[in-house]
Amino acid sequence: MTDVNRPPEDRIGGWTRLVTARPRLSLLIALIFTALAVVAGSGVADRMGSGGWEDPASESAYATKALEKRFPASQPNLILLVDSGKKTVDDPAVAAEARSLAKKLSDEKAVTGVTSYWATGAPSLRARDRGEAIIAARILGDESAAGKALERIAPHYRGAHGPVEVRVGGMVAVRHELQSTIQEDLLRAEMIALPITLVLLVMVFGSAVAALLPLGVGIIAILGTDAVLRGLTEFTDVSVFAQNLTTALGLGLAIDYALFIVRRFREELGRGAEKLPAVAATLRTAGRTVLFSALTVAASLAAMLVFPQYFLRSFAYAGIAVVLIAATAALVVLPAALILLGDRVNALDLTRLLRRGRPARGGEPGAGWARLARLVMRRAPVFALATVAGLVALGLPFLRVEFGTADDRQLPSSAESHVVQQHIREGFPGGPGGAVEVLAEGGGTGSTKALADYSAKISALPQVLRVDSPAGRFADGRRVAEPGPAEAARLSDGSAEITVQPKGEAVDTASQDLVRTIRAQEPPFTTSATGTAAVLVDTKDSIADRLPWAAAIIVAVTLLLVFLLTGSVLIPIQAVLLNALSLTAMFGAVVWVFQDGHLSGPLSFTTSGDIETTLPVLMFCVAFGLSMDYGVFLLSRIKEEYDRTGDHQAAVEFGLRRTGGLITAAALILAVVMVGIGTSRVTNTKMLGLGIALAVLMDAMVVRGLLVPAVMKLTGRATWWAPGPLRRLHTRFGLSEGESTHAATGSEADGRRCGGKRGPRGEGGSHGEGGSHGEDGPHGEGGVRGEAERAWDRVSTGR
């Protein structure tokens, strides 16, 4: 049959012809692309950073860089924890060995600013029980260079040295262990998730051949994104944590998109279509929805680009790349594979072994979801109120969230750098490593009296244990030690370094208030404060400043895209609110589990009593995007049926019957992938994986299964209402799945009121035969169609 003689729904055109004309060539190109991606993306993890939580434009970032340059000893990132065994650190033999180690360390290339308890006598560098003391230094260079230097020198210091035992710690060691642990955990997560995912796909499809297709798309997406990230490392910093998102979304979204496309292709084959028209119909319907879904997910992830922290920006890079590559593979590679397979897509039905000896189950596929939809809509107020109340209750713990910074407690308790920092926290006075470092610049720094007055004033603050400055050591508002050689080293080129040691923890509320108080002082010179608490204060301010912009981007794009899909004013608002509501359980669980420490034993993590500041932002953007992914799948089928019949309640039931099982299967598979990521030994990665797994399951099973049909029943036909100007906007630019045969908006719901005749698949409406423009209107076989929809049709069907 020629294309001219085919019915409209079977016509084969531009895009379908392009991706299916030479299917073997398309698959060969995909294979070459994947091979090149493997080469291009190799070693990407070694070029990534394990930091990126700070705002590079903040006061603390400026002070840190200036102090690193002028006073490297003030910013140690390497710590040797010296254990004197049964002796004390003041024992002559212990002291001699420690001084020898410090001298050896100072001779190392790329190491500067070596100091120690034995050189300074500083109480903060000695444990209260005098059994341990510290040698501190700074390894120069960026994260990558410092990590390589650590690998080279650490083995020469770690372990027994005469009467002492040495452990290696400090921020450079923490970051190095984080990077290596994440790489190992990611490989293990993939080994866990891939076989389980394959088994679940076989159960969903009933065919080993069909089950392998989503995995193929996922592998292309993951490897392609690794290559993109490797390229980005040449120009900007990229966080190693982003690889976890690459794996999770690469598998999750690829499986979502492939599930949707393969399912629709099999439906078309089941109706008796030939394989080429089946692919054309699939691309025209499910393909359109996949493209639309990819745009919504990418937009949610792109919102993280407004934040200056490269930790968050890295997830935007990885997320956008993996979404677009997964969608491209699903819309290019998958149709080529389906053309070659045809009916063989159903081959190797492994579920026959499970069904052997059992009577065949009757009933229409999705009948259980249809019954659930009818039940929910019969008791819509009850289900809506109960579901909303339950989700809000699950989210209440988030009201007591405390924000902090990522530190060594992200690592397993057995990690060496974690052990070192834990010993320092528990055994050393004043919380070493939690000091507020103040850089003083300007004319007044040349005056010892001005520095002394400022130091004395700061030391009198109730949160301060002591102050070390070029003018001496101060406590309780007075000088307690005269300046010596160590204090003289705190002056350099018209600037001075002042160390303020707080009484409490490094990042508790008192330390953060202390930073703000110090910054509010007005000495006769310019000051800039840094340190752990200062970085946290600046990070929180940066997040709070840009969060409204990120939220506005997500909400605006969601409202626009869902409006273009549905032509409704109410549905986009419902989508935003219900998607946000679906995340409450995730946020409540994050605080209850990871901040409060419940389940810390079974989940094997050390709680720090707070949540890293950037994590909730990341989790919201990712989980919201995934919720929109499922929401688009459901709404597209509801809209398709409503356009066809004009029956609102039947359309909701149809949409849930067609997509309920599909969305649940996709959510379950994605949850498996995320739980695999959640087996990581790094707490932030564990929180990300388990939290998003919970959010995905709550969205698919509770929000899509109960709340959406209940709310749509309550809003009734008003669900599809839009004012005249917006109706005309949607008429011109709208996008929807399937061939519309019934008007989708309020006053135009009855085709006869638009002047159309009864269409071939229901009431005439705007897309019936003639529609609002008459039988031979300018929009072809069915009246008014959206510009975007017509453009996609021209590409996918050639009309």
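Residues numbered from 1 in each chain as written. Predicted model: local features only at pLDDT ≥ 70, side-chain atom pairs only at ≥ 80, totals over all residues. Heavy atoms only, no water.

**Student:** Describe the pattern of salt bridges, and please don't skip the residues or the numbers.
**Tutor:** For the structure shown, the criterion picks out 34 salt bridges. Glu-267 is the salt-bridge partner of Arg-658, the closest N and O atoms lying 3.7 Å from each other. With Arg-658 in helix H24 (residues 648-678) and Glu-267 in helix H9 (residues 242-270), this residue pair connects regions lying 391 residues apart in the sequence. With relative accessibility at 14%, the residue Glu-267 sits in the buried group. In this structure, the salt-bridge partner of Arg-466 is Asp-468, at a minimum N-O distance of 3.4 Å. Given the relative accessible area of 11%, Arg-466 is considered buried. Classification of Asp-468 by relative accessible area gives buried; the value is 8%. Via salt bridges that share partners, Arg-264, Glu-267, Glu-268, Arg-271, Arg-637, Glu-640 and Arg-658 belong to a single interconnected network. (Salt bridge = Lys/Arg side-chain N within 4 Å of Asp/Glu carboxyl O. Helix = DSSP H or I, 4+ residues; strand = E, 2+ residues; numbered from the N terminus. Buried < 20%, exposed > 50% of the residue type's maximum accessible area, 1.4 Å probe, protein only.)

**Student:** Could you give an account of the packing of aromatic side chains, with specific residues and numbers?
**Tutor:** The tally for this structure, following the rule as stated, stands at 11 aromatic pairs. Look at Phe-241 and Phe-311: their rings are 5.6 Å apart centre to centre, the planes differ by 75 degrees, and that puts the pair in the edge-to-face class. Here Phe-241, found in the loop between helix H8 (208-232) and H9, pairs with Phe-311, found in helix H11 (residues 310-341); they are 70 residues apart in sequence, far enough to count as distant. Note on accessibility: Phe-241 and Phe-311 belong to one class, buried. Taken together, a centroid distance of 5.1 Å and an interplanar angle of 70 degrees make the contact between Phe-311 and Phe-315 edge-to-face. Separated by four residues within a single helix, Phe-311 and Phe-315 lie in helix H11, roughly one turn from each other. Classification of Phe-311 as buried rests on a relative accessible area of 1%. (Phe/Tyr/Trp six-rings, centres within 6.5 Å; stacked < 30°, edge-to-face > 60°.)

**Student:** Tell me about helix H2 (residues 23-41), and please be specific about residues and values.
**Tutor:** The α-helix winds at 3.6 residues per turn, so residues separated by three or four positions along the chain end up facing the same way. Helix length check: H2 (19 residues) gives 26 Å between terminal C-alpha atoms against 27 Å at 1.5 Å per residue, within 8%. Regarding H2, the residues found buried are Pro-23, Ser-26, Ala-30, Thr-34, Ala-37 and Gly-41. Along the axis of H2, the buried positions cluster into a sector of 80 degrees, meaning they face one direction only. Of the exposed residues in H2, the ones pointing more than 90 degrees away from its buried face are Arg-24, Leu-31, Leu-36 and Val-39. (Expected span 1.5 Å × (residues − 1). Arc of directions from axis to C-beta.)

**Student:** A description of the packing of helix H19 (residues 532-566) against helix H26 (residues 724-733) should follow, citing residues and the corresponding values.
**Tutor:** Viewed as axis vectors pointing N to C, H19 and H26 meet at an angle of 80 degrees, and their least axial separation amounts to 9 Å. With respect to H26, the axis of H19 lies roughly perpendicular. Packed against H19, whose contacting residues are Phe-563, Leu-564, Leu-565 and Thr-566, the element H26 presents Leu-726, Leu-729, His-730 and Phe-733 at the interface. Considering only residue class, the contact of H19 with H26 consists of six nonpolar, two polar and no charged. (Axes fitted to C-alpha atoms, helices over the stretch in contact; angles between N-to-C directions. Parallel < 35°, antiparallel > 145°, perpendicular 65-115°, else oblique. Contact = heavy atoms within 4.5 Å. Nonpolar A, V, L, I, M, F, W, Y, C, P; charged D, E, K, R; others polar.)

**Student:** So what about the sheet that holds strand E4 (residues 159-161)? Which residues, and what values?
**Tutor:** Strand order in the open sheet formed by five strands is E2-E3-E1-E5-E4, with antiparallel pairing between adjacent strands. Sheet topology places strand E2 (111-116) and E4 at the edges, where each strand pairs with a single neighbour. Neighbouring strand axes in the sheet, compared pairwise and without regard to direction, differ in orientation by 25 degrees on average. Alignment of strand E1 (residues 78-83) against strand E3 (residues 132-139), held across six bridges, turns out to be antiparallel. When the sheet's bridge partners are listed, Ile-79 is paired in E3 with Ala-136. (Pairing = 2+ DSSP bridges.)

**Student:** How would you explain helix H10 (residues 275-302) if you had to name every residue and give the values?
**Tutor:** The largest bend along H10 reaches roughly 40 degrees and is located at Leu-283. Counting buried positions along H10 yields 23 of 28 residues, so the element is predominantly enclosed. (Bend = angle between axes of the 7 residues up to and from the residue.)

**Student:** I'd like a description of the environment of Arg-473, backed by residues and values.
**Tutor:** Along the polypeptide, Arg-473 turns up in strand E9 (residues 472-475). On the basis of relative accessible area, Arg-473 is assigned to the partly exposed category, the value being 22%. For the pair Arg-473 and Ser-459, spaced 14 residues apart in the sequence, the C-alpha separation amounts to 9.2 Å. Not counting residues up to four positions away in its chain, the partners in contact with Arg-473 are Ala-122, Pro-123, Arg-466, Val-467, Asp-468, Arg-478, Arg-479, Val-480 and Ala-481.

**Student:** Give a detailed account of the side chain of Ser-680, specifying residues and quantitative values.
**Tutor:** Examined against the element boundaries, Ser-680 turns out to sit in the loop between H24 and helix H25 (683-715). A distance of 2.9 Å separates polar atoms of two side chains, one belonging to Ser-680 and the other to Asp-185. (Polar contact = N/O pair within 3.5 Å; in protein donor to acceptor, adjacent residues only side chain to side chain.)

**Student:** Talk me through the pairing of E3; I want residue IDs and the actual numbers.
**Tutor:** Along E3, eight of the eight residues are buried, which leaves the element largely enclosed by surrounding structure. Because side chains alternate across E3, one face comprises the buried residues Glu-132, Ile-134, Ala-136 and Arg-138, and the other comprises Ala-133, Ile-135, Ala-137 and Ile-139, equally buried. In this sheet, E3 lies alongside E2 in antiparallel orientation, the contact comprising four bridges. Looking at E3, one finds that Thr-115 is bridged to Ala-136.

From the geometry alone we can't say anything about function, so treat these as descriptive.
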